[in-house]
Amino acid sequence: MSISKPEKRQYLKPINPPDPQMRAIVYSLDSLIPGLYIWLGALKIRIGGSLTEESYPGKIQSPIGMAFVLPGYRIYSTYQGSYDP
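Treat the numbers as computed from the prediction; the structure is a model and nothing was measured. (Residues numbered from 1 in each chain as written. Predicted model: local features only at pLDDT ≥ 70, side-chain atom pairs only at ≥ 80, totals over all residues. Heavy atoms only, no water.)

A.B. asks: Sorry, what's going on with the pattern of salt bridges here?
C.D. replies: Working definition: two side chains of opposite charge can pair if their charged atoms are close together. Tallying each qualifying case throughout the model produces one salt bridge. The shortest N-O distance in the salt bridge between Lys44 and Asp19 comes to 3.0 Å. Highlighted residues: Lys44 in strand β2 (residues 43–48) and Asp19 in the segment before α1 (20–30), separated in sequence by 25 residues. (Salt bridge = Lys/Arg side-chain N within 4 Å of Asp/Glu carboxyl O. Helix = DSSP H or I, 4+ residues; strand = E, 2+ residues; numbered from the N terminus.)

Below is the structure:
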């Protein structure tokens, strides 16, 4: 007969959290918040937009791209994939 220790709770936070700058770009694009967004590998530029929520899971599969969102829900982007997981 053996006594087992209770397992530790596992939290939903990832071990390697995604880049917060990229998450802010994806969130702003998904929400159509006006701004200029450029991502080139490690270089990320966001003029306008908004910070992301803690639970937002979106990501972009492309390592490079550019998007321009205008008021009135007009978006011009080089990225053609889905922003949702």
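And the narrative resumes.
A.B. asks: When you look at the packing of aromatic side chains in this model, what are you seeing that I'm missing?
C.D. replies: To describe a pair of aromatic rings, one takes the distance between the centres and the angle between the planes. Scanning all chains against the criterion turns up one aromatic pair. On the numbers, 5.2 Å between centres and 80° between planes, the contact of Tyr27 with Tyr56 is edge-to-face. With Tyr27 in helix α1 and Tyr56 in the loop between β2 and β3 (64–70), this residue pair connects regions lying 29 residues apart in the sequence. (Phe/Tyr/Trp six-rings, centres within 6.5 Å; stacked < 30°, edge-to-face > 60°.)

A.B. asks: I keep staring at the sheet that holds strand β4 (residues 74–77) and nothing clicks. Help me out?
C.D. replies: Within a sheet, each strand pairs with its neighbour through backbone hydrogen bonds, oriented either parallel or antiparallel. Across the sheet, which stays open at both edges, the four strands sit in the order β2-β1-β3-β4 with antiparallel pairing between neighbours. On the outer flanks of this sheet lie β2 and β4, each paired with one strand and no other. Averaged over neighbouring strand pairs, the angle between their axes works out to 10° when direction is ignored. Bridge count between strand β1 (residues 35–40) and β2: six bridges; the pairing is antiparallel. Bridging across to β2, Tyr37 finds its partner in Arg46. (Pairing = 2+ DSSP bridges. Axes fitted to C-alpha atoms, helices over the stretch in contact; angles between N-to-C directions.)

A.B. asks: Explanation requested: the nonpolar core in the structure shown.
C.D. replies: Proteins that are soluble and globular tend to have nonpolar side chains buried together. Of all hydrophobic cores here, the largest spans twelve residues; its members are Met22, Ile25, Val26, Tyr27, Leu29, Tyr37, Trp39, Tyr56, Ile60, Ala67, Val69 and Tyr79. For this core, the leading source of residues is α1, giving five residues. (Core = buried A, V, L, I, M, F, W, Y, C linked by side-chain atoms within 4.5 Å. Buried < 20%, exposed > 50% of the residue type's maximum accessible area, 1.4 Å probe, protein only.)

A.B. asks: Help me understand unusual backbone geometry in this model?
C.D. replies: A negative phi angle characterises most non-glycine residues, just as the trans form characterises most peptide bonds. Here Leu32, not a glycine, exhibits a phi torsion of approximately 55°, which is positive. As for its placement among the helices and strands, Leu32 is situated in the loop between α1 and β1. Judged by relative accessible area, Leu32 falls into the partly exposed class, the value being 26%. Unlike most non-glycine residues, Tyr73 shows phi in positive territory, near 60°. Within the secondary structure, Tyr73 sits in the loop between β3 and β4. Residue class for Tyr73 comes out exposed when judged on its relative accessible area of 64%.

A.B. asks: Please clarify how a nonpolar patch on the surface should be interpreted in this entry.
C.D. replies: Side chains of Leu40, Leu43, Ile45, Ile47 and Ile64 sit close together on the surface and give an oily, nonpolar patch of about 450 Å² of accessible area. Of all the elements, β2 adds the most residues to the nonpolar patch, at three residues. Within the secondary structure, Ile47 sits in strand β2. Overall, the relative accessible area of 53% leaves Ile47 in the exposed class. (Patch = residues over 30% accessible without salt bridge, like charges linked within 9 Å, V, L, I, M, F, W, Y side chains within 5 Å. Areas by Shrake-Rupley, 256 points an atom, 1.4 Å probe, with all protein chains shown as cover.)

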